[in-house]
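Residue-level structure breakdown
Here is how the chains run, residue by residue.
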Amino acid sequence: MTITYPRALLDVAQIAQCTVTLQRMDTRATTRGGLVQVANLGPATWKFAYQTVPLLAPDANAWEAWLASLRGGLRYFQGTDARFQNPVAYPDGVATLTRPGGGSFDGTANLTAADATASTVTLGALPVGYVASPGDWISFPTAASVALHRVIEGGVASGTGALTVTVEPALRPGFVTGAGNARLVGAWCNAVIDPATINAVTTLDGVTSIQWTGYQALK
């Protein structure tokens, strides 16, 4: 079977621990007068740390093969928050929601606009009254890769299914608008593993726990 990259995690349900942190490229200096000066040196990116549940041999072998297929970071995987695949307001999923013009809602929306200055994203084709909460994830394509952002100020979709939210980190140029471009369920970005962090520990009872770290790739 042909492998398609970026590879999705084998089974999100088999991730026991997941930490997603924003790595900022900032420098700080304090003046003699006590003013703290902060300078941004580059775009902020996401860091992903995963640890699986205790796995029996077949599942452990499958995960180790999955990690090997990423070729030490030469191939991308889908970096995602395994803890929160669904929006905060819909922990059981969005299958019961419908779009304004009819039809089921699959967790995607139209990216209609983005304002880099205000760090806002405007979405369309959402269910009427759809609730976006702080902590929700949104991903959408860019000219070079896939952007992943977290909602820091949410809102409620209008009667036409439109909604503008404030996100973090700051928007970068090159975002691509279009129908179905925004992913609100299972949002992800291109990420590469750090092979030095891969660690598989097998206990005496024959179960294996695997952990690794990955970093967002902007290109």
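Below: a short report on this structure. (Residues numbered from 1 in each chain as written. Predicted model: local features only at pLDDT ≥ 70, side-chain atom pairs only at ≥ 80, totals over all residues. Heavy atoms only, no water.)

What the protein chain contains, in helices and strands, is one helix and 13 strands. Its helices and strands in sequence order give the protein chain the pattern β-β-α-β-β-β-β-β-β-β-β-β-β-β, from N to C terminus. In terms of principal-axis extent, the alpha carbons of the protein chain reach across some 60 × 55 × 30 Å. For the protein chain, buried positions account for 39% of its 219 residues. When contacts within the protein chain are restricted to residue pairs at least 6 apart in sequence, long-range pairs at least 24 apart make up 70% of them. With the model as given, the accessible surface of the protein chain reaches about 11,200 Å², and the carbon-plus-sulfur share is 55%. (Helix = DSSP H or I, 4+ residues; strand = E, 2+ residues; numbered from the N terminus. Buried < 20%, exposed > 50% of the residue type's maximum accessible area, 1.4 Å probe, protein only. Contact = heavy atoms within 4.5 Å. Areas by Shrake-Rupley, 256 points an atom, 1.4 Å probe, with all protein chains shown as cover.)

Under the criterion given, the structure shown has 10 aromatic pairs. With 6.2 Å between their ring centres and 0° between their planes, Phe48 and Tyr50 make a pair best called stacked. With 5.2 Å between their ring centres and 35° between their planes, Tyr50 and Trp212 make a pair best called tilted. Within this pair, whereas Tyr50 is found in strand β2 (residues 36–52), its partner Trp212 is found in strand β13 (residues 208–216), the two being separated by 162 residues in sequence. By relative accessible area, Tyr50 is classed as buried at 3%. Between the NZ or CZ atom of Arg75 and the centre of the ring of Tyr5, over which it lies, the distance is 5.7 Å. (Phe/Tyr/Trp six-rings, centres within 6.5 Å; stacked < 30°, edge-to-face > 60°. Lys NZ or Arg CZ within 6 Å of the ring centre and 35° of its normal.)

Generally speaking, nonpolar side chains in soluble globular proteins are found buried as a group. If you look at the biggest cluster of nonpolar residues, it comprises 23 residues, and the most contacted ones within it are Tyr50, Phe77 and Trp212. Broken down by secondary-structure element, the contributors of at least two residues to this core are β1 (15–30), β2, α1 (57–69), β12 (189–202) and β13. Per-element accounting of this core gives the leading share, four residues, to α1. (Core = buried A, V, L, I, M, F, W, Y, C linked by side-chain atoms within 4.5 Å.)

The subject of this paragraph is the pattern of salt bridges. In the structure shown here, the tally under the stated rule is four salt bridges. The partner of Glu168 in a salt bridge is Arg24, and the shortest N-O contact between them spans 2.9 Å. In this pair, Glu168 sits in strand β10 (residues 163–168) while Arg24 sits in strand β1, placing the two residues 144 residues apart along the sequence. Here Glu168 falls in the partly exposed class, since its relative accessible area comes to 22%. Here Arg24 falls in the partly exposed class, since its relative accessible area comes to 46%. In the salt-bridge network here, residues are joined through shared partners; they are Asp81, Arg83 and Arg150. (Salt bridge = Lys/Arg side-chain N within 4 Å of Asp/Glu carboxyl O.)

For α1, which comprises 13 residues, the first-to-last C-alpha distance of 18 Å matches the rise-based estimate of 18 Å (1.5 Å per residue) to within 8%. The first or second residue beyond α1 is Arg71, which carries a positive phi of 55°. (Expected span 1.5 Å × (residues − 1).)

A few words on the state of the cysteines. In total, this model carries zero disulfides according to the counting rule given. There is no disulfide at Cys18, and the cysteine sulfur nearest it, in Cys189, is 11 Å away. On the accessibility criterion, Cys18 (8% relative accessible area) is buried. What makes Cys189 buried here is its relative accessible area of 0%. (Disulfide = S-S within 2.5 Å.)

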